[in-house]
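What follows is the residue order along each chain.
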Amino acid sequence: MSNPAPRSRDRVERSDAGDHPAFTIDRPGSRYIVGIDLGTTNCAVAFVDTAPRAGDDLSSASAGARVQTFLIDQWVDFGVHQRCEWLPSFHYQPTAEEAKSLVAESTGYNAVDPDGAMGIVGVLARQRGLQVPGRQVASAKSWLCHAGVDRTAAILPWQGDDDVQRLSPVEASACYLRQIRRSWDHAHPDEPLDQQDIVLTLPASFDQVARQLTIEAAALAGLRRVVPIEEPQAAFYAWLARHGVDWEKLVQANQTILVCDIGGGTTDFTLIRVRPLSAETGVLEPQGARVDPEYAEHRPRDGSARLSLHRVAVGNHLILGGDNLDLALARFAESKLAGEPLTVRGWDALRQACRVAKERMLATHSLDQYTINLPGSGSRMIGAGRSVVVTSQEVDQVLVDGFFPKCSLHDRPKAEAVGFQEFGLPFATDPAVTKHLAAFLWNHRNDGRDDLEIGALGDLGTARPDWILFNGGVLGSTKIAERLVDTIADWFGGQPAVDNVRIAAESSGSGGWRPGILSGERLDLAVAKGAAYFGMTRRGGGTEIEAKLACSFYLRTSFDPPRAVCIVPGSASPGDRFELNDRPMELSIAVPVQFCLGYSTLRLADRLGEEIEIDPSQFVELPPIRTVLNLSSARRRQTIPVTLQVELSQIGTLDLWCQSSESKHRWKLEFDVRSAAETDRQAIELAANREGLLDSETEAAARAVIAACFGEAGSLPPAKLVQAIAEAVGLPRGQWPPSLLRAIWDALIEHQQGRRRSETHEARWLNLLGYALRPGYGLAADDWRVAQTWRTVYAKLVFASRGSRSESLILWRRIAGGFTAGQQLTVYQQIAYALRGALDPAGARRGGGLAAHELSELLRLVGSLERLPREEKSQLGDALMRLLSVKKWAGARPAMLWTIGRLGARDPVYAPLNCVLAAETVEGWIDRLLQNPGDESGYALALMQCSRRVNDRYRDVSERSRDAVVEKLVAIGAPEVYTRWVEQGGLLGASEAEEIVGESLPLGLSIGGGFR
């Protein structure tokens, strides 16, 4: 087997199989290298013009000096636009009159956005949002990483004004990038931005979906030559740019640098280790080598650097930043306001005003007090102007002590929610940044160190950072930065100081030691400048941070015997790409397949393409990707030859491309491999798989029983099918693990022709098919299984019998969680005609064609369709409220109550939060339920679901409604836990979860966000 050399920074082009184009820095390079900081609160742009010194040696000494800030043109007032160093990350949709003024003044490069909602971004958008918050989009970057909503849906502004055209978080991000592009193109008409090499910054802790959506936002803005970089790394590159000549004189070998990045929406921690190089070979010296005098012996006489920088750890994803501080201050200010609680619009205005107050009060020269003014603006805001005064002492107590408390190194964040949730975002459960930092430093104290160094330093010594580099707008506050330094000094005050970090101790009780502070670039520009400098390092200039994974990656090729092929050698760095052209493989199309990836930190000498036997003691498996790869022209199973292309991205993913050897088709798979790179990202294993994977013989026994019923020569009566399977596998139906259930589904699909034998056969086939696939998600490739079920069953019933129709409704209800919004709407429209007669009370009294049990099944199906448009759900709920008292449908009342509870739930079972009905709508339902009481268990359950506290101001019903519900629940003797969930919130138990779903769930599968 040949060992082809890696082609570093040579990138994949476009996938012909419909994947996203690879956003890359191409060679030869463009004239400009542009760094873009797409921030939660502000965006900034920096660039390097390579033309004036073309051909020069881009040494670290000259590279940093060439990084410049680009001024972004934007509206700062109506009729006034300016070029500013940053672009506030706010989108505002003007009123009709405002839009006329802006369109008249548009200049092309500062135009009102013509590609989506009529809107503006930047300074004016931020300022107008203070007066009219319901028309402003803010914190789009935080919404990009919110797994609880459909991040591609038009959901922003969250709970905005009714006449505002909403944007998705992706579209809002694209609006900011589009404005940057317009401004750049106006300033550089001969060098448009879409032709420049762009480095786009992302939080180090962004999940894989958020990273991909950010790249999609760049594509939507017309930017395709894009390479991402983690923001803490970019901040450190900005420091290197400032210290291109002397950085190696400021730090010493074996020291640790903590990059602490706290922006508007996220908190990121990164550790960088300084390692010595050998003067003779240029390779790393042992990590345990003493700093002095041996390091001095390694330093060349010409003064050139003989140190290297290695990023060794990245912290957990924390949605914790300036937005949280704004919310905390707003809650405090609200508590000081006299009168009625604020409306949603009033709260939005207060939160915006508190952002300004926070910035003013936490500045270096803080004020003694600050008046927060809330202007009145009719019924959509606060009725009349109000104000509240906050003092410097109060702000320090709420923000500094609240988010950066003094704590022990061994204190840990609380698991229960104690943060602020009113913004609709899944903020960190514990807002104490210092506790998160303590956990990070302790958990990664040994990362990047060898046994000799660990033994010499001990736990405290290995956990201690020698230097801190601050980044992010929050850390622009001297108070907060000093609190962090004081806290770290307290943690490690008894440790000996490294020579060049010996800083005079202040009266802080730190024992004479304090961490050194690396003075960096301006915090509002550092990330953009560092990104541009990083682009220079990719062309050979400047000093590069090594972020090697220090492990080899393997793709499993067989299970018996266990073998794998090396697809990434241990010497790889982010940006390297590898091709295994000499190892053609067979790829199955149109069926579920799995790609099993593993890594080893011990087998670093294995060559690319080398096949090895897996030694469990040297090999760690990552969660496999189980999926279905399709060709648009192929509907049946087939096998095609492919070659593999592998690339390590700059943001911690391993991209695996399967390239057809017979055509241009290729498929891209992404593995998150940061859990192998000594970070806090853990390998995720589906809980369902922990319930057990039955052996192949047991699955074969189940398949044989199904064949005996639905196969060509089958004679087993459908009525005996379930019992026969239970006997064959030795487990009652309720204990069948998900792996067996999905195998049963596969066998039923394989023998689908057998349902044509009789009405009874089809009814049993439909019933077991839905049971085996419920709840439609939870296992890999379930989306494919649901799609296959849809194509096989929808509008294709063999028998037009009542039994087949009823079982098809039960099937759709069971797997509704796996349907797309479009499929759910289609199912709803299929049964809407039958529902209309029953939902019309006048028509219902005249008779109608449905029986009560048939209506019950229709309603339970509709209640399971959580992705229906909110307008449809609202109308259906209103109709059910009128129907509750109709005597003809008394037998269907339990189903009505169950459906009302699902429609009005404050936390859905599986749907994104943007599908939740408005609190005002559900409050009206609660009032009517309280007027129409019953003694059914479903009545109490419906009241609880509609009023359950979720600690989100926009979703929670009013205190008045909750108090009334609690009083009713107590009066009817409802379970005590129901009142607790209404008053305090909290997790639902398994039995309540199954009552809400209407059926037992497969072992190990949860039903979604409402029960976390």
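Everything numeric here is computed off the predicted structure, so don't read it as measured data. Residues take numbers from 1 onward in each chain, read along the sequence in its written order. For this predicted model, a pLDDT threshold of at least 70 governs which residues receive local features, and a threshold of 80 or more governs which side-chain atom pairs are given and counted, while totals over whole chains, interfaces and linings are taken from all residues. Hydrogens are left out, water is left out, and the side-chain values use all remaining heavy atoms of the structure.

Novice: What is the right way to read the overall build of the protein chain from this model?
Specialist: The helix and strand tally for the protein chain stands at 33 helices and 30 strands. Residue burial is assigned from relative accessible area. The probe radius is 1.4 Å, only protein chains are included, and a residue is buried under 20% of its type maximum, exposed over 50%, and partly exposed in between. Taking all 1012 residues of the protein chain together, the buried fraction comes to 59%. In the protein chain, 72% of the contacts between residues at least 6 apart in sequence involve partners at least 24 apart. To measure how exposed things are, a 1.4 Å probe is used in the Shrake-Rupley method; for residues, cover is taken only from the protein chains shown. A total of about 39,600 Å² of accessible surface is found on the protein chain, and carbon and sulfur atoms cover 48% of it. Secondary structure elements are defined from DSSP: runs of H or I of at least 4 residues count as helices, runs of E of at least 2 residues count as strands, and each element is numbered from the N terminus. When checking whether two residues touch, look at their non-hydrogen atoms; a contact exists if any pair is within 4.5 Å.

Novice: Whenever I open this one, the confidence of the model for the protein chain confuses me. Can you help?
Specialist: Residues shown with low pLDDT carry predicted positions that ought not to be read at fine detail. Here pLDDT means the predictor's own confidence in every residue, given as a number from 0 to 100. Residue-level pLDDT values for the protein chain average 80, and 80% of them are 70 or greater. Counting interchain partners and residues more than four positions distant, the pLDDT-below-50 stretch residues 278-305 has 50 contacts. Low pLDDT, under 50, characterises residues 675-692; the stretch is placed with 51 contacts to residues that sit more than four places away or in other chains.

Novice: Which parts of the structure should I look at to understand the pairing of strand β14 (residues 307-314)?
Specialist: Looking down a regular strand, the side chains alternate between one sheet face and the other. The buried fraction of β14 is high, at eight of eight residues. Two strands are said to pair when DSSP picks up at least two bridges between them. Two elements, β14 and strand β19 (residues 545-546), share two bridges in a ladder whose sense is parallel. Bridge pairing in β19 links Leu-309 to Ile-545.

Novice: Would you mind going over the nonpolar core with me for this structure?
Specialist: The set of buried Ala, Val, Leu, Ile, Met, Phe, Trp, Tyr and Cys residues whose side-chain atoms join them within 4.5 Å is what this entry labels a nonpolar core. Within the largest apolar cluster, 103 residues are counted, with the highest numbers of intra-cluster contacts made by Leu-177 and Ile-372. No other element matches the eight residues that helix α5 (residues 169-187) contributes to this core.

Novice: Explain the sheet that holds strand β9 (residues 136-138) here, please?
Specialist: Backbone hydrogen bonds hold the strands of a sheet together, and the pairing may be parallel or antiparallel. The strand order across the open sheet built from three strands is β8-β7-β9, with neighbouring strands paired in antiparallel fashion. Each edge of the sheet is formed by a strand with only one pairing partner; in this case those strands are β8 (120-121) and β9. Of the strand pairs in this sheet, strand β7 (residues 90-92) and β8 are connected by two bridges, and their pairing is antiparallel. Across the sheet, Tyr-92 pairs through a bridge with Ile-120, a residue of β8. Axis lines are fitted through C-alpha atoms, for helices just across the contact stretch, and the angle between N-to-C directions can take any value from 0 to 180 degrees. Each of β7, β8 and β9 is contacted by helix α3 (residues 123-131), which is oriented at about 70° to β7, the strand it contacts most.

Novice: Sorry if this is basic, but what is going on with unusual backbone geometry here?
Specialist: What you tend to see is this: most non-glycine residues have negative phi, and most peptide bonds are trans. The peptide bond linking Leu-156 to Pro-157 adopts the cis configuration, its omega dihedral lying at 5°. Structurally, Pro-157 can be placed in the loop between α4 (140-144) and α5. With an omega of 0°, the peptide bond running from Arg-774 to Pro-775 counts as cis. Structurally, Pro-775 can be placed in the loop between α21 (759-773) and α22 (782-793). Of note in this structure, Asn-951 is not a glycine but carries a positive phi near 60°.

Novice: Quick question: what am I supposed to make of helix α23 (residues 802-814) here?
Specialist: The periodicity of an α-helix, 3.6 residues per turn, causes residues three or four places apart in sequence to face the same way. In this scheme, a helix's expected span is set at 1.5 Å multiplied by one less than its residue total. Between its terminal C-alpha atoms α23 stretches 18 Å, which fits the 18 Å expected from 13 residues at 1.5 Å a residue. Taken as a whole, α23 has its buried residues at Ser-804, Glu-807, Ser-808, Leu-809, Ile-810, Leu-811, Trp-812, Arg-813 and Arg-814.

Novice: Explain the packing of aromatic side chains here, please?
Specialist: The description of two aromatic rings rests on the distance between their centres and on the angle between their planes. In this analysis, rings of Phe, Tyr and Trp, with Trp reduced to its six-membered ring, are considered paired at centre separations within 6.5 Å, and the interplanar angle assigns stacked below 30 degrees, edge-to-face beyond 60, and tilted for intermediate values. Applying the stated criterion to the full structure yields 21 aromatic pairs. With a centroid separation of 5.4 Å and an interplanar angle of 50°, the aromatic rings of Trp-790 and Trp-812 are classed as tilted. Here Trp-812 lies in helix α23 and Trp-790 lies in helix α22, a separation of 22 residues in the sequence. Trp-790 sits in the buried class, given a relative accessible area of 14%. The structure contains a cluster of three or more aromatic residues connected by ring pairs, namely Tyr-32, Phe-47, Phe-70 and Trp-184. The ring centre of Trp-765 lies 4.7 Å from the NZ or CZ of Arg-755, which sits over that ring. Geometrically, a charge over a ring is one whose NZ (Lys) or CZ (Arg) sits within 6 Å of the ring centre while staying within 35 degrees of the ring normal. Between the NZ or CZ atom of Arg-774 and the centre of the ring of Tyr-771, over which it lies, the distance is 3.8 Å.

Novice: What am I meant to see in helix α13 (residues 433-443) here?
Specialist: Of all 11 residues that make up α13, 10 are buried, and the element is covered over most of its length. Turning to α13, its buried residues number three or more, namely Val-433, Thr-434, Lys-435, His-436, Leu-437, Ala-438, Ala-439, Phe-440, Leu-441 and Trp-442. Summarising the contacts, the buried residues of α13 are in contact with β12 (256-262), β13 (267-276), β14, α12 (392-403), α14 (451-463) and α15 (478-492).

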